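Reading the structure
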Amino acid sequence: MSASQALTHLVPLAEVDDNKVTPGLLGFLVFAALAVGVWLLMKSMSRHMGRVAFKEAPEPQQKPEPAARQSGSGSKQG
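Worth saying up front: this structure is predicted, and the values here are computed from it rather than measured.

**Describing the overall build of the protein chain**
If you tally the helices and strands in the protein chain, you get 3 helices and 0 strands. In sequence order, the secondary structure elements of the protein chain are arranged as α-α-α. Looking at the protein chain as shown, the accessible area adds up to about 8,200 Å², and 63% of this sits on carbon and sulfur atoms.

As structure tokens, this is what we get:
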């Protein structure tokens, strides 16, 4: 069988009627996998949001440092 004869046998398979095109089994499986993935992500997000503490902890009190320490005390070594 030559290449041209093989192509003539495949031509009827390549002709697609636009009114008969459906997603088929592959389309359903992809959609189902996406749906399951989104459901698992939402379940995980719900679990993580339940662990979050929304009350903010108070900041620790800071003691002010003396002014001499902040300005560098003015003495240089060298």
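**Notes on a nonpolar patch on the surface**
Nonpolar side chains collect at one region of the surface, where Val38, Met42, Met45, Met49, Val52 and Phe54 lie side by side and expose about 630 Å² of accessible area between them. Of note, valine 52 is situated in the loop between helix 2 (24–51) and helix 3 (67–71).

**Considerations on the confidence of the model for the protein chain**
Confidence in the prediction of the protein chain, expressed as mean pLDDT, is 78, and 60% of residues score 70 or more. Within the protein chain, helix 2 carries the highest mean pLDDT (95), whereas helix 3 carries the lowest (59).

About the thresholds
Residues numbered from 1 in each chain as written. Predicted model: local features only at pLDDT ≥ 70, side-chain atom pairs only at ≥ 80, totals over all residues. Heavy atoms only, no water. Helix = DSSP H or I, 4+ residues; strand = E, 2+ residues; numbered from the N terminus. Areas by Shrake-Rupley, 256 points an atom, 1.4 Å probe, with all protein chains shown as cover. Patch = residues over 30% accessible without salt bridge, like charges linked within 9 Å, V, L, I, M, F, W, Y side chains within 5 Å. Salt bridge = Lys/Arg side-chain N within 4 Å of Asp/Glu carboxyl O. pLDDT = per-residue confidence, 0-100.

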